[in-house]
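Descriptive analysis of the structure
Here is what each chain is made of, one letter per residue.
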Amino acid sequence: MLADGRRAEIAANLAGVRARIEAACAAAGRSPEEVNLVAVTKFRPAVDALHLYALGQRVFGENRDQEAAPKAAEVAAALADTASDPFPEWHFIGQLQTNKVKSVVSYADVIESVDRPELAAALAKAAERAGRRPRCLVQVNLDPAAERDAGGRGGAHPQDVLRVADAVARSGVLRLEGLMAVAPLGAAPEPAFERLAALAAKLRGVHPDAMSLSAGMSGDLEAAVAAGATHVRIGSALLGGRPPLR
Ligand SMILES: *Cc1c(COP(=O)(O)O)cnc(C)c1O
């Protein structure tokens, strides 16, 4: 059956990604338990997330609210009458406008892309109203010299990171957990991830509980694990490339 074929394909991809994480941890002298896999389901239907769920994956990432909100709802509905436990955890990993915060806090457990104090303030207000306490990462722009919108990737300038982190921590409702970044386009990821690791150490000096470091995608997870990533966000290596536009 088609669906079974897809599940087998995803199972093989998941095993391959887990093996890469294990090998990267072994090379770095780290335990694989220190590295969490965030399965990025953007561009992919809810049924792919359900295949991953059935294969044991519990943490999912999405980068656009318009796509994430209905997908999270569809996954929740599909799991509602099974005794599924624990429930999937959704990470919002994309650029976020303040007019979307109400929607995002309704389903996101973790917001990895907080990159300015005004966004932290808007998230805090929305979370308070919704009775939610989302965990937050501050997204760092590792290539601040490049055109800001070159990749549309967002992130706080490295020198603003502590200010954004303080805004999250002071909010009283958002929980500051660490940093997130995307490696610069067209450059080796290692030096960028080393700068990120240094910033993470600096942040922990001020906020000792901010232990998470989300870095690494399908193409550079090994470099991220070597630099101390606690979360890798993997899309195409699990689910294939972006499907053709319909
Ligand atoms: C799409 C995306 C990923 C996953 O990228 P792949 O190369 O498909 O693994 C990770 N992080 C962010 C912020 C993304 O938008």
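Higher on the page you've got the structure.
Residues numbered from 1 in each chain as written. Predicted model: local features only at pLDDT ≥ 70, side-chain atom pairs only at ≥ 80, totals over all residues. Heavy atoms only, no water.

1. Some points on the pairing of strand S8 (residues 231-234)
Stated formally: Three labels apply to residues, based on accessible area from a 1.4 Å probe with only protein chains included: buried if under 20% of the type maximum, exposed if over 50%, partly exposed otherwise in between. The helix count covers DSSP runs of H or I at least four residues long, the strand count covers runs of E at least two residues long, and both are numbered beginning at the N terminus. The pairing criterion is simple: DSSP has to find at least two bridges between the two strands.
The side-chain alternation of S8 yields two buried faces, one formed by His231 and Arg233 and the other by Val232 and Ile234. Relative to S8, strand S1 (residues 36-40) runs parallel, the two sharing 4 bridges. Across the sheet, Asn36 pairs through a bridge with His231, a residue of S8.

2. Focus on the pattern of salt bridges
Spelled out, the test is: Any carboxyl oxygen of Asp or Glu that lies within 4 Å of a side-chain nitrogen of Lys or Arg is treated as forming a salt bridge with it.
Throughout the structure, instances matching the rule amount to 11 salt bridges. Arg6 is paired through a salt bridge with Asp48; the nearest N and O atoms lie 2.6 Å apart. One end of the pair, Arg6, is in helix H1 (residues 2-28); the other, Asp48, is in helix H2 (residues 46-54), with 42 residues separating them in the sequence. Grouping residues by exposure puts Arg6 and Asp48 together as buried. Taking the shortest distance from any N to any O, the salt bridge between Lys71 and Glu67 comes out at 2.8 Å. Remark: Glu67 and Lys71 occur in helix H3 (residues 65-80); sequence separation between them is 4 residues, near one turn of the helix. The exposure class assigned to Lys71 is buried, which follows from its relative accessible area of 5%. Via salt bridges that share partners, Glu62, Arg64, Glu67 and Lys71 belong to a single interconnected network.

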